[in-house]
Amino acid sequence: MMNCLQSWPEPVVRVQSLAASGVRAIPERYIKPPSHRPLTKNDFSPPQEANIPVIDFQNVFSDDQRLRDEALRNIHSACHEWGFFQVVNHGVSHELMKRTSEVWREFFKLPVEVKQEYANTPATYEGYGSRLGVEKGAILDWSDYFFLNYMPESLRNPNIWPATPASCRELVAEYGHEVCKLGGKLMKAFSMNLGLEEDLLLKAFGGEENVGACLRVNYYPKCPQPDLTLGLSPHSDPGGLTILLPDENVAGLQVCRKGSWLTVKPVPNAFIINIGDQIQVLSNAIYQSVEHRVIVNSNKDRVSLALFYNPRSDLLIEPSKQLVSDDRPALYPPMTYDEYRLYVRTKGPCGKKQVESLKSPRPCSEC
């Protein structure tokens, strides 16, 4: 399987270049099957905007016991009921968020030959990319991206981060540092809410110095037929948790809730947090990852930054012993994150089939 991850199965087409060429009809490679397309204006039940929970995160570590307990209860409820929530007063500078988002928007405005210097391969996915998965003939998503490793430091290579715009590398380093600190605090909140020692989940990930953290900057170009395709196909995130800086001006993220797709309306200066598959495994499914997707827009492009806060890749992840009992046996076998993510890197986005298939050893045959 590793051999197929050395190169893409077909020549890579940059979606931004396609969109800029003025095409009025999207190529067949991007047209989703009818059942996978976003709802259109002709449907009887268009997507609703989702009021996913909004948490005032500064209260989580308040000296006021009442405020702290209330904030932790709200996070627990959001994790248990939604798998998604937004955090405000999270400690990351709003100015840093804005500048980092803007510098990536500038990167995607650069000539394609400049961006092409950072072209990625499926071996590590690091760099400038336009597809997930290596299956030949797969239906593709309407997006480009830039992917980079941030933690552990041994995997961090700023030399392959964009040198242009000039401030990009410095901003990525500062942004990564601040958002990873937030990730550690979220992990402590999850631990406390699950009745575990405050540092248990973080230790299961390798500790703050050894967690795996990576950044994927998503660019969703304008699309002439947004009703036929998606910016990102339905999937749950394979890692631990995701800290998303959305585009405040253009909604696009949709969350699957009770069989319906709900469009998330970003709160100004908030991060959107979602539970990944590894937290589902560690919590023995008390917290569950949630399927989500991205729709595209015919009038506006969109940029978002997803920081994935993951276990160190060679550590075995399994349900926490304290959350396993005769009444609630371990639902998942031990597996390293390296083993786990190889699946999504091969198949591409595949709903929740991967994590659910672990409960019974039936491989996912198609996406």
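Here the residue numbering is sequential within each chain, running from 1 through the sequence in written order. Side-chain atom pairs in this predicted model are given and counted only at pLDDT of 80 or more, local residue features only at pLDDT of at least 70, and totals for whole chains, interfaces and linings cover all residues. Excluded from the side-chain calculations are hydrogens and water; all other atoms, namely the structure's heavy atoms, are used.

An unreviewed UniProt entry lists the protein under the name Fe2OG dioxygenase domain-containing protein, with Salix udensis given as the organism. UniProt positions are given in the numbering used here, feature names are shortened, and annotations may be inferred rather than shown by experiment. Its UniProt record gives the protein a comment under Catalytic activity (unreviewed entry), which states: "jasmonate + 2-oxoglutarate + O2 = (1R,2R)-12-hydroxyjasmonate + succinate + CO2". Entered under Sequence similarities (unreviewed entry) in the UniProt record, the comment concerning the protein runs "Belongs to the iron/ascorbate-dependent oxidoreductase family."

A. A look at the pairing of strand E3 (residues 84–88). The buried count for E3 comes to five of five residues, which makes it a mostly enclosed element. Side chains of E3 alternate between two faces, with Phe84, Gln86 and Val88 and Phe85 and Val87 buried alike. Here the rule is simple: two strands pair whenever DSSP picks up at least two bridges between them. Per the convention used, a helix needs a DSSP run of H or I reaching at least four residues, while a strand needs a run of E reaching at least two, with both numbered from the N terminus. Where strand E2 (residues 54–56) and E3 come together, three bridges link them in parallel fashion. What sits directly across from Asp56, in E3, is Val88. Direction of pairing for E3 relative to strand E11 (residues 271–275): antiparallel, over a ladder of four bridges. Residue pairing across strands places Phe85 opposite Ile273, the latter belonging to E11. Relative accessibility thresholds used throughout: buried, under 20% of the residue-type maximum; exposed, over 50%; partly exposed, between the two (1.4 Å probe, protein chains only).

B. The nonpolar core, seen in detail. Residues enter a nonpolar core if they are buried and are Ala, Val, Leu, Ile, Met, Phe, Trp, Tyr or Cys, with the set joined through side-chain atoms within 4.5 Å. Counting residues in hydrophobic clusters, the biggest one holds 69 residues, and the most contacted among them are Ile75, Phe85, Trp104, Leu186, Phe190 and Phe271. Of all the elements, helix H5 (residues 168–193) adds the most residues to this core, at eleven residues. Discounting chain neighbours no more than four positions away, the residues touching Leu186 are Phe57, Phe85, Leu241, Ile243 and Ile273. Ranked by size, the runner-up nonpolar core spans 18 residues in total, among them Cys214, Leu253, Val290 and Phe308. Residues are treated as being in contact if the distance between any of their heavy atoms lies within 4.5 Å.

C. Just the packing of aromatic side chains, in detail. The rule is short: rings of Phe, Tyr and Trp, with Trp giving its six-membered ring, pair when the centres are within 6.5 Å, and they are stacked under 30 degrees, edge-to-face over 60, tilted in between. Following the criterion strictly, the structure yields 16 aromatic pairs and no others. Taking the centre distance of 5.3 Å and the plane angle of 80° together, the rings of Tyr30 and Trp142 count as edge-to-face. Placement of the pair is Tyr30 in the loop between helix H1 (15–20) and strand E1 (48–50) and Trp142 in the loop between strand E4 (127–129) and strand E5 (144–151), with a sequence separation of 112 residues. Given a relative accessible area of 3%, Tyr30 falls into the buried group.

D. Structural detail: the sheet that holds strand E8 (residues 241–245). Pairing is mixed across the open sheet formed by eight strands, whose spatial order is E2-E3-E11-E8-E13-E6-E5-E4. Each edge of the sheet is formed by a strand with only one pairing partner; in this case those strands are E2 and E4. When the angles between neighbouring strand axes are averaged without regard to direction, this sheet yields 25°. Note: strand E6 (residues 212–220) against strand E13 (residues 302–310), nine bridges, orientation antiparallel. Across the sheet, the residue bridging to Val217 is Leu305, located in E13. With respect to the sheet, helix H3 (residues 94–109) is in contact with E4, E5, E6, E8, E11 and E13, its orientation differing from that of E5 by roughly 130°. Axes here mean lines fitted to C-alpha atoms, for a helix over just the part in contact, with angles spanning 0 to 180 degrees between N-to-C directions.

E. Looking closely at the pattern of salt bridges. Each salt bridge in this description consists of a side-chain nitrogen of Lys or Arg and a carboxyl oxygen of Asp or Glu lying within 4 Å of one another. Scanning all chains against the criterion turns up nine salt bridges. A salt bridge links Asp141 to Lys32; the nearest nitrogen and oxygen atoms lie 2.6 Å apart. Highlighted residues: Asp141 in the loop between E4 and E5 and Lys32 in the loop between H1 and E1, separated in sequence by 109 residues. Neither residue differs from the other here; Asp141 and Lys32 are each classed as buried.

F. A look at the state of the cysteines. By disulfide we mean two sulfur atoms from cysteines, separated by a distance within 2.5 Å. Inspection of the entire model under this criterion finds zero disulfides. Free cysteine: Cys79, not disulfide-bonded; nearest cysteine sulfur from Cys256 at 18 Å. The class for Cys256 is partly exposed, based on a relative accessible area of 24%.

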